[in-house]
Amino acid sequence: MKFVEICECPDIDKILDWLQEKNLLPSMLICQCGKKCERKIREDVVDGRVWRCSCGRRKSIRTNSFFSQFSLSLKIILKLILYLALQMKQIDQAKLLGISRPTIISFQQRLRLIAC
Ligand SMILES: [Zn+2]
């Protein structure tokens, strides 16, 4: 799938698979107990998925990734990156995504800090 298609994809598992394929998210996580974690559904976290170990420990699906410093959902983050690349006006992004302009500005500032 292309980046533009992933930005429109409603299926978080497909998005996560794609990000893992592109090495933007780790494809596996080893728990501190030494076992391999599995990706599990968890509705009360922003992306709806966590790493879960059979010992009961949980970690964010974004652990050890670029995305771990952002609290916005991955779906929103991908759209913000697309809209930034398309040079869409912040006010239009805010309307389309239903988030505030200051949130967009702060996201873009942090993205620039990482990317530069
Ligand atoms: Zn464990």
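Now for a description of the structure that goes with this document. Model, not experiment: these values are computed from the prediction.

**Describing the sheet that holds strand β2 (residues 49-52)**
Here's step 1: On the basis of which strands lie adjacent, the open sheet formed by three strands has the order β1-β2-β3 and antiparallel pairing. Unpaired on one side and paired on the other, β1 (38-41) and β3 (58-60) mark the two borders of the sheet. The sheet shows a mean angle of 45 degrees between the axes of neighbouring strands, direction not considered.
Here's step 2: Alignment of β1 against β2, held across four bridges, turns out to be antiparallel. The residue of β2 that forms the bridge with Glu-38 is Arg-52.

**Things to note about the environment of Gln-20**
Here's step 1: On the secondary structure map, Gln-20 appears in helix α2 (residues 12-21).
Here's step 2: As for Gln-20 and Ser-65, which are separated by 45 residues in sequence, their C-alpha atoms are 10 Å apart.
Here's step 3: Residues in contact with Gln-20, not counting those within four places in the same chain, are Leu-25 and Ser-27.

**Observations concerning unusual backbone geometry**
Here's step 1: Its identity as a non-glycine residue notwithstanding, Asn-64 has a phi of 60 degrees, on the positive side.
Here's step 2: By secondary structure assignment, the location of Asn-64 is in the loop between β3 and α3 (74-85).
Here's step 3: Under the C-beta neighbour-count criterion, Asn-64 is labelled exposed, with 11 such atoms within 10 Å.
Here's step 4: Positive phi, close to 60 degrees, is recorded for Gln-87, a residue that is not glycine.
Here's step 5: Positionally, Gln-87 belongs in the loop between α3 and α4 (90-97).

**Re α2**
Here's step 1: For α2, the set of buried residues is Ile-15, Leu-16 and Leu-19. Here the buried residues of α2 occupy an arc of 95 degrees about the axis, which is enough to place them on one side. Relative to its buried face, α2 has exposed residues pointing more than 90 degrees away, namely Asp-13 and Glu-21.
Here's step 2: Where α2 ends, the next residue or the one after it, Asn-23, has phi of about 60 degrees, a positive value.

**Description of the environment of Lys-75**
Here's step 1: Within the secondary structure layout, Lys-75 lies in helix α3.
Here's step 2: Judged by the 19 C-beta atoms lying within 10 Å of it, Lys-75 falls in the partly exposed class.
Here's step 3: C-alpha separation for the pair Lys-75 and Ile-15, spaced 60 residues apart in sequence, amounts to 8.1 Å.

Here is what the cut-offs are and how they apply
Residues numbered from 1 in each chain as written. Predicted model: local features only at pLDDT ≥ 70, side-chain atom pairs only at ≥ 80, totals over all residues. Pairing = 2+ DSSP bridges. Helix = DSSP H or I, 4+ residues; strand = E, 2+ residues; numbered from the N terminus. Axes fitted to C-alpha atoms, helices over the stretch in contact; angles between N-to-C directions. Contact = placed C-beta atoms within 7 Å. Buried ≥ 20, exposed ≤ 12 C-beta atoms within 10 Å, placed from the backbone. Arc of directions from axis to C-beta.

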